[in-house]
Amino acid sequence: MIGQENMKIVSHQEIAANIFELVLEGELTKKMTSPGQFVHLKVTSGNDPLLRRPISICSINQEMNQFTMLYRVSGNGTKVLSERAPGAVVHVLGPLGNGFPDDYLKEGEQALLIGGGIGVPPLYELSKRLVHKGVHVTHILGFQTESDMFYKNEFEKLGETHIATADGTHGVKGFVTDVAEQLSIQPDAYFTCGPSPMLKAVESKYETINGFISMEQRMGCGIGACLACVCHVAGDESGLKYKKVCSDGPVFKSGEVVI
Amino acid sequence: MSRLQVELPGLTLKNPVMPASGCFGFGKEYSQFYDLSLLGAIMVKATTREVRFGNPTPRVAETSSGMLNAIGLQNPGLDHVLQHELKWLEQYDVPVIANVAGSTIEDYEQVAEAISKAPNVHALEINISCPNVKEGGIAFGTHPDTARELTEKVKRVSSVPVYIKLSPNVSSITEMAYAVEEGGADGLSMINTLLGMRLDSRTGKPVIANKTGGLSGPAIKPVALRMVYEVSQKTTLPIIAMGGVSDEMDVIDFISAGASAVAVGTANFVDPLVCPEIIKNLNNILEEWEIEHIHDLRGRSWKDIGEAAYHRS
Ligand SMILES: Cc1cc2nc3c(=O)[nH]c(=O)nc-3n(C[C@H](O)[C@H](O)[C@H](O)COP(=O)(O)OP(=O)(O)OC[C@H]3O[C@@H](n4cnc5c(N)ncnc54)[C@H](O)[C@@H]3O)c2cc1C
Ligand SMILES: Cc1cc2nc3c(=O)[nH]c(=O)nc-3n(C[C@H](O)[C@H](O)[C@H](O)COP(=O)(O)O)c2cc1C
Ligand code: FES
């Protein structure tokens, strides 16, 4: 069930260059059950910015009634959000969409989690849950440069973590797929979120295994009504079949939609 | 009679507030949030004869106090809308206004004839004003002669009253209103979106794949208000007004400008509960102002009614 709530900012800090960690508290947290779901935030009241902003749920703390998001300041909306101080409230609509399945793999199986930039956050809650089930996790996280990097330590606590930076300032120089080339493990499934070119490359590299891919698209309503966020269904020659990223996704099975 | 109940051709509205076409799908998504029977009516997504995928993405962009969209009339096509979407809506006690679009006059006729026979469709809204498709749509909404002809033909085949949705992208909206009135329209709905664009400042390229899109939201309210004010003085047709409505005061403004009812579009994306909230607040404010009926305020921006507005005989 989707809910709405004015949630209180309990902490808000810059954890890397232009990357903010935002923790909100409220009853809506109880509805957050699946990693990879997102919320639609009204960053401030009033007409500017007007629309809500989709941000992934990064981790959920049911005991504290809190959840965490990580976001990058990329335009006006996220800029305004970054200026909101602890104690203020943010209006949250969510949780939205379908997340990553955390029961697809069994204890002892191998999961590969691949995140690029601001696609990294939803993998964190997923990884925690997989580890809790006894699944072995390996992370490959890609960033532009070292100063953009975040949550390396958090991921390392959960499992093997490899970093790629486009400029080589940290870890392997290049893309997440360059790291994947060097890995010896054979994952039983992969889970990925990040920019479309990365998702495409990951999907074709792991053609033979099942994966779960989180898509990004510009949104209006966030609940499936406006058809702003559609993508084509893979293999549909008519070109008429579609899925809505907001309500059918954002996570799709590999091979399900056209990236 | 409640102070909010409104009678229009084909429509008995519990209240003058309804979601605008394209901003509410066929209602399913919003039914998760509230009982759709609370609404005055529902203007459903544009329906065309055949299924349409619409435009490539990105389809939306934000602008100051507004948004651009170029969805491109994506819809599942006439048969599916009749058999599934409208059928599903029958469980609610709410009149449906079906939004009809097409590329040729024949398209409009076929869809209008079939969809007007659905039991819960009480009126048609003929979309001759979508700025986001190449052929059809707005081509009919910018030439008075074609608009008149289209109205006549649709009127001939429709089993329910016909409202024509006007485009603001014309030099004289009054002329368009005259034309469709002559063509036999039962009412007007206005305004559709204003053609606009946004560039990515860094690359200099349009943000929306279609390059241009339709502007909606609070940013267009002054334009919509002015157009309703002008047109309502020149025709006797009832007007369903839209353009940036997000609260009860916006509704009152449009009624004061001369509208009979009001539709809410973009605001649904900001707050899914906005329509029932507006209805509740509208009732409260009229009570507080001691207005017996919402239509006592209708056209007061231009009518010389003085005291009469507050003391209905
Ligand atoms: C399902 C989903 C989950 C996301 N999760 C995260 C996250 O965890 N952390 C994070 O930093 N970002 C995330 N994003 C991207 C985030 O929504 C955008 O960066 C943000 O909306 C930009 O808003 P702005 O006002 O700062 O930018 P502007 O460019 O000023 O925004 C203008 C409009 O474009 C939209 N927009 C701009 N960039 C994007 C984008 N990349 N994706 C979707 N819409 C966009 C905005 O929502 C807004 O409507 C996610 C996007 C989606 C679809
Ligand atoms: C995403 C979106 C889709 C729309 N689709 C349609 C449509 O299918 N048919 C139509 O007549 N108008 C459509 N409109 C226009 C609205 O019905 C309305 O006329 C306009 O948005 C102005 O109202 P607003 O400012 O309250 O949004 C659409 C508007 C938006 C924002
Ligand atoms: S954002 Fe409106 S349908 Fe997905």
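Each remark here, short or long, concerns the structure printed above.
Residues numbered from 1 in each chain as written. Chains lettered and ligands numbered in written order. Predicted model: local features only at pLDDT ≥ 70, side-chain atom pairs only at ≥ 80, totals over all residues. Heavy atoms only, no water.

Caption draft 1: Structural context of the interface of chain A and chain B. With 30 residues of chain A at the interface, the matching set in chain B holds 29 residues. For the pair chain A and chain B, the interface holds two salt bridges. We note a salt bridge from Arg53(A) to Glu62(B), for which the minimum N-O separation is 2.7 Å. Seen at the junction of chain A and chain B, the total is seven residue pairs in polar contact (both at pLDDT 80 or more). At the level of elements, β14 (230-232) and β15 (242-244) of chain A are the ones that each hand at least two residues to the side of chain A that touches chain B. The class makeup of the residues in the side of chain A that touches chain B is 16 nonpolar, seven polar and seven charged. (Contact = heavy atoms within 4.5 Å. Salt bridge = Lys/Arg side-chain N within 4 Å of Asp/Glu carboxyl O. Polar contact = N/O pair within 3.5 Å; in protein donor to acceptor, adjacent residues only side chain to side chain. Helix = DSSP H or I, 4+ residues; strand = E, 2+ residues; numbered from the N terminus. Nonpolar A, V, L, I, M, F, W, Y, C, P; charged D, E, K, R; others polar.)

Caption draft 2: Highlighting the sheet that holds strand β8 (residues 110-116) of chain A. All names here are of chain A. Across the sheet, which stays open at both edges, the seven strands sit in the order β11-β10-β9-β8-β12-β13-β16 with mixed pairing between neighbours. Edge positions in the open sheet fall to β11 (172-173) and β16 (251-253), since each of these has one partner strand only. Bridge analysis of strand β13 (residues 210-214) against β16 gives three bridges, and the strand direction is antiparallel. Opposite Ser 214, over in β16, you have Val 251 as the bridge partner. Contacts from helix α2 (residues 121-132) reach β8, β9 (136-143) and β12 (189-193), with the element oriented near 170° to β8. On top of the sheet, helix α5 (residues 196-205) reaches β8, β12 and β13; it is set at about 170° to β12, its chief contact. (Pairing = 2+ DSSP bridges. Axes fitted to C-alpha atoms, helices over the stretch in contact; angles between N-to-C directions.)

Caption draft 3: Focus on the layout of surface pockets. All names here are of chain B. In this structure, the second largest pocket spans a volume of roughly 800 Å³. Cys 23, Ser 216, Gly 265, Thr 266 and Ala 267 are the residues nearest the centre of the second largest pocket, which is lined by 49 residues in total. If you list the elements that add at least two residues to the lining of the second largest pocket, you get β6 (66-69), α8 (267-270) and α9 (274-288). Top element by residues in the lining of the second largest pocket is α9. It accounts for four residues. (1 Å grid on protein atoms, 1.4 Å probe; cavity = no way out; pocket = protein on both sides within 12 Å on 5 of 7 lines; lining within 4 Å. Points joined across faces, edges and corners; volume = space filled by probe spheres on them.)

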